[in-house]
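A structural walkthrough
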Amino acid sequence: MPSSAERALIIVPAWNESQNVGNTVSEILAADPAYDVVVVDDGSTDDTAHRARAAGAKVLTLPFNMGVGGAMRTGFTYAQRRGYRRAIQVDADGQHNPADIAAVLAGLSTADISIGARFAEVGDYKARGPRRWAMKMLAGVISRISGVRLTDVTSGFRAANDRAIDQYVRYYPAEYLGDTIDSLVGAIHAGLTVTQVPVAMRPRAYGKPSHNPFSAARYLLRATFALSLALLRGRRTEEVPA
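These remarks concern the structure in this document. Treat the numbers as computed from the prediction; the structure is a model and nothing was measured.

Structural notes on the packing of helix H3 (residues 67–81) against helix H6 (residues 162–170)
Running from N to C, H3 and H6 point in directions that differ by 130°, and their axes come no closer than 9 Å. In this view, H3 runs oblique relative to H6, as classed from their interaxial angle. The way H3 lies across H6 gives a crossing that is left-handed. Every residue of H6 that contacts H3 at Arg73, Phe76, Thr77, Ala79 and Gln80 is listed here: Ile165, Asp166, Tyr168, Val169 and Arg170. Class assignment of the residues belonging to the contact of H3 with H6 gives a composition of five nonpolar, two polar and three charged.

What about the packing of aromatic side chains?
All chains considered together, the criterion is met by three aromatic pairs. Ring geometry for Phe76 against Tyr172: centres 5.5 Å apart, planes inclined by 55°, an arrangement best described as tilted. Separated by 96 residues along the polypeptide, Phe76 in helix H3 and Tyr172 in the loop between H6 and helix H7 (178–189) bring together distant segments of the chain. Ring centres of Tyr168 and Tyr172 lie 4.8 Å apart, and the angle between their planes is 85°; this geometry places the pair in the edge-to-face category. Each member of the pair, Tyr168 as well as Tyr172, carries the same accessibility label: buried. Of the aromatic side chains, those joined through ring pairs into one cluster are Phe76, Tyr168 and Tyr172.

Here we look at the pattern of salt bridges
Within the structure shown, the criterion is met by six salt bridges. In this structure, Arg163 and Asp112 form a salt bridge, with 2.8 Å as the shortest nitrogen-oxygen distance. With Arg163 in helix H6 and Asp112 in the loop between helix H4 (101–106) and strand S5 (113–117), the pair connects residues that are 51 residues apart, well separated along the chain. Residue classification places Arg163 among the buried positions, given a relative accessible area of 18%.

Remarks on the pairing of S5
Remember that side chains alternate between the two faces of the sheet whenever the strand is regular. With five of five residues buried, S5 is to be regarded as a mostly interior element. Residues Ile113, Ile115 and Ala117 point to one face of S5 and Ser114 and Gly116 to the other, with burial holding for every one of them. Where S5 and strand S6 (residues 158–161) come together, three bridges link them in antiparallel fashion. Paired with Ile113 across the strands is Ala160, a residue of S6.

Remarks on the pairing of strand S3 (residues 58–62)
In this sheet, S3 lies alongside strand S2 (residues 36–42) in parallel orientation, the contact comprising five bridges. Looking at the pairing, Val39 lines up with Val59 of S3.

Considering the nonpolar core
Buried together is how nonpolar side chains tend to be arranged in soluble globular proteins. Within the largest apolar cluster, 32 residues are counted, with the highest numbers of intra-cluster contacts made by Leu9, Ile11, Phe76, Ile113, Ile142, Tyr168 and Leu184. At the level of elements, strand S1 (8–14), S2, S3, H3, S5, helix H5 (129–146), H6 and H7 are the ones that each hand at least two residues to this core. Discounting residues that sit within four places of it in the chain, Phe76 has contacts with Ile11, Ala87, Ala160, Ile165, Tyr168, Val169 and Tyr172. Counting residues in hydrophobic clusters, the runner-up holds 26 residues, among them Val104, Leu105, Phe157 and Met201.

Let's talk about helix H1 (residues 21–31)
When H1 is considered as a whole, its buried residues turn out to be Val21, Gly22, Thr24, Val25 and Ile28. The buried residues of H1 occupy an angular sector of 165° when the element is viewed end-on, so they sit on one face.

Things to note about the side chain of Arg158
In this structure, Arg158 sits in strand S6. Buried and without a salt bridge, Arg158 has Asp152 as its closest oppositely charged side chain, separated by 7.1 Å.

A few points about unusual backbone geometry
Even without being glycine, Asn16 reaches a positive phi, approximately 50°. Relative to the helices and strands, Asn16 is located in the loop between S1 and H1. The exposure class assigned to Asn16 is partly exposed, which follows from its relative accessible area of 30%.

Parameters and conventions
- Residues numbered from 1 in each chain as written.
- Predicted model: local features only at pLDDT ≥ 70, side-chain atom pairs only at ≥ 80, totals over all residues.
- Heavy atoms only, no water.
- Axes fitted to C-alpha atoms, helices over the stretch in contact; angles between N-to-C directions.
- Helix = DSSP H or I, 4+ residues; strand = E, 2+ residues; numbered from the N terminus.
- Parallel < 35°, antiparallel > 145°, perpendicular 65-115°, else oblique.
- Left-handed = near helix turned anticlockwise from the far one by under 90°.
- Contact = heavy atoms within 4.5 Å.
- Nonpolar A, V, L, I, M, F, W, Y, C, P; charged D, E, K, R; others polar.
- Phe/Tyr/Trp six-rings, centres within 6.5 Å; stacked < 30°, edge-to-face > 60°.
- Buried < 20%, exposed > 50% of the residue type's maximum accessible area, 1.4 Å probe, protein only.
- Salt bridge = Lys/Arg side-chain N within 4 Å of Asp/Glu carboxyl O.
- Pairing = 2+ DSSP bridges.
- Core = buried A, V, L, I, M, F, W, Y, C linked by side-chain atoms within 4.5 Å.
- Arc of directions from axis to C-beta.
- Lys, Arg positive; Asp, Glu negative; His and termini not counted.

Okay, structure coming up:
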């Protein structure tokens, strides 16, 4: 069996996803049995952990809900300690298609971070109004910072090589949008490179998304604040070793 250094770790943050997580884990393992799957049970009050284990995942249970950022930092710490050189986030709700994992991981051949991007001429995902404005603004600013054209910097479907894993263990904020915007800006400021791979997102399998005009406007305000905070932190003096 290949060692951890040769295998990819699939990190699945999950909070009260008992209806979705079992099928998500099963789909990931069906896509490639060589994937190692760890579900970070983010303080769930349902049987998320039980269903994840039953489907074949390793489960890390947090004592209370820490949000996606806290769950992912836990997952990256696990990856680092186990010697994985590639890790990728796949959401428990079924929106990230496990069939695209290989393509997103392949982006690591040219960059430290590979984003599975919507709005890249694949699939029919659409966002409108303030939510779309925020996404375009964020993508434009971070494209200029990174020197790479990016269309979807809020996608959580992203892979990291060993350099990025080490960076994320050091700095992966837990606040709202910190897991996508702040973590990405911090990684770029630390000298890491980024690319994107077009993917098609799927509808959430169970449960309702919280998109409505009010939440979209709130998203715009929060996104602007998150980006401003990330930019104010500036470039770190200690870059990640090559």
